[in-house]
Amino acid sequence: MWGHVNSQMANTSASFGESSASLQSDASAAASAVKLASLALITGVSLLGNASLSLLLLKDSSLHKAPYYFLLDLCLADVVRSAVCFPFVMAAISGAAGGSAWPYSALCCKIVAFMSVLFCFHVAFLLFCVSVTRYMAIAHHRFYYKRMNLCTCAAVICMVWTLSVAMAFPPVFDVGTYKFIREEEQCTFEHRYVKANDTLGFMLMLAVIVGTTHVVYVKMLCFVYDHRKMKPAQLVPAISQNWTFHGPGATGQAAANWIAGFGRGPTPPTLVGIRQASHQGNRRLLVLDEFKMEKRIGKMYYMITLTFLVLWAPYISACYLRIFVRGSPVPQLYLSAAVWMSFAQAGANPIISFLFNKELRMRLRACFPSCLGTQTPMEPYCVI
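By convention here, each chain's residues receive numbers from 1 onward along its written sequence. In keeping with the predicted nature of the model, local features appear solely for residues at pLDDT of at least 70, side-chain atom pairs appear and are counted solely at 80 or more, and the whole-chain, interface and lining totals rest on all residues. As a rule here, side-chain values come from all non-hydrogen atoms in the structure, and water together with hydrogens is ignored.

**Structural notes on the environment of P67**
Turning to step 1, where the next piece is worked out: Secondary structure elements are defined from DSSP: runs of H or I of at least 4 residues count as helices, runs of E of at least 2 residues count as strands, and each element is numbered from the N terminus. On the secondary structure map, P67 appears in helix α2 (residues 66–84).
Turning to step 2, where the next piece is worked out: The rule is simple: take the accessible area with a 1.4 Å probe, protein chains only, and divide by the maximum for that residue type; under 20% is buried, over 50% is exposed, in between is partly exposed. Relative accessible area serves as the criterion here: at 7%, P67 is assigned to the buried category.
Turning to step 3, where the next piece is worked out: In sequence terms P67 and C153 are 86 residues apart; their C-alpha atoms lie 8.8 Å from each other.
Turning to step 4, where the next piece is worked out: Excluding residues within four positions of it along the chain, P67 makes contact with R134, Y144, I297 and Y301. Any two residues having at least one pair of non-hydrogen atoms within 4.5 Å are treated as being in contact.

**Things to note about the pairing of strand β1 (residues 178–181)**
Turning to step 1, where the next piece is worked out: Strand pairing is defined by DSSP finding a minimum of two bridges between the two strands. Bridge count between β1 and strand β2 (residues 186–189): 4 bridges; the pairing is antiparallel. Note on β2: the bridge partner recorded for F180 is C187.
Turning to step 2, where the next piece is worked out: Hairpin connection from β1 to β2: 4 residues lie between these consecutive antiparallel strands, with E185 at a positive phi of about 60 degrees.

**Digging into the packing of aromatic side chains**
Turning to step 1, where the next piece is worked out: A pair of Phe, Tyr and Trp rings is counted when the ring centres sit within 6.5 Å of each other, with Trp represented by its six-membered ring. The angle between the planes then sorts it: under 30 degrees is stacked, over 60 is edge-to-face, the rest tilted. Per the stated rule, a full pass over the model turns up 17 aromatic pairs.
Turning to step 2, where the next piece is worked out: Between the aromatic rings of W102 and Y104, the centroid separation amounts to 5.4 Å while the plane-to-plane angle is 75 degrees, which identifies the pairing as edge-to-face.
Turning to step 3, where the next piece is worked out: Judged by its relative accessible area of 42%, Y104 falls in the partly exposed class.
Turning to step 4, where the next piece is worked out: When the centroid spacing of 5.3 Å and the interplanar angle of 40 degrees are considered together, the rings of Y178 and F189 count as tilted. On the criterion of sequence distance, the pair formed by Y178 in strand β1 and F189 in strand β2 is long-range, its members being 11 residues apart.

**Topic: the packing of helix α4 (residues 106–139) against helix α7 (residues 200–226)**
Turning to step 1, where the next piece is worked out: The contact between α4 and α7 brings their axes to 9 Å, and the two run at 15 degrees. Accordingly, the angle class assigned to the pair α4 and α7 is roughly parallel. Like other packed secondary-structure pairs, α4 and α7 cross with a definite hand, here left-handed.
Turning to step 2, where the next piece is worked out: Classification used: nonpolar for Ala, Val, Leu, Ile, Met, Phe, Trp, Tyr, Cys and Pro, charged for Asp, Glu, Lys and Arg, polar for all others including Gly. Its residues assigned to classes, the contact of α4 with α7 comprises 20 nonpolar, 3 polar and 2 charged. To define axes, lines are fitted to C-alpha atoms, for helices over the stretch in contact only, and angles between the resulting N-to-C directions are given on a 0 to 180 degree scale. Oblique is the label for any angle not covered by the other classes, which are roughly parallel (under 35 degrees), roughly antiparallel (over 145) and roughly perpendicular (65 to 115). It is the rotation of the near helix from the far one that decides the hand of a crossing: anticlockwise by less than a right angle makes it left-handed, clockwise makes it right-handed.

Below, the structure is given as structure tokens:
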């Protein structure tokens, strides 16, 4: 009798164990499916948004200026990150039943980790350089328009990529080991306790760069606040009736207004034959329209910087926790959410750019009228 009871209990515990294992397997499969679907959505949004914005910046000649050269570099980097790095993460998630596993070689893992870290530092360094140029555009407008040309922007972008490679390359030689982290389901830094870890310098550099970027924006905000009573120049030309000038520019300023490119209507007889300076490099004053444009671009870039900080802060916090606290268990749900937030940063820049930049929205409607349904109808007649 007791043997029969023990046999029934054993069968019951075995069936309970099998059902528990089955439930765990189903939950793991569901979690993997959610991760794959969300990462596929992030990849699609990133590729579509960054590619569209890149094509707009390349196609529209009115956007060929310093702030948008940097934005183009950001978009192209996010396109490469989404197309190259994210598929490997998806392959690792679906590579093994009941969990993630790296299905490729160790060298491939190091290459993917190098590219992931490279793009992270690239965004941080580039946003810092952009913050400096935004401050120059507001506080030192004359120097900015004189020096910030295509060659200068190319030099800044090359410097950013060089610094990013310098930060991401040492772990290839096991200075801060690149490994597949099963908890994060990606190849990246192996963060351990500080006494057995050499990745602290890389994390400190990332935090310093992001913090310094915000310091520059605060300094720019203080400059605007201190000079809020000093309105940008609004040069109003003189009004002519039979070449008798009157109005704001009548007191010896009419000719100067015309030479500076602020004239309206026909050219006065005394200035016929004088070539007007219309090149952007000849500007000496920050007029009101330019000031508003620089503020809009500065706001857009600050929102990109703030989004980068918000999306990467949970993951960076988890890394610091593992570095400074020995054996600190980071909850798996928090770590997965933090990693996926860092992935989402690749698709956030186009959304923020179109939301906070009116000029980009207008140029998008102008360049793609058929897609947006805003095509201007043709006039039935013309004026001769």
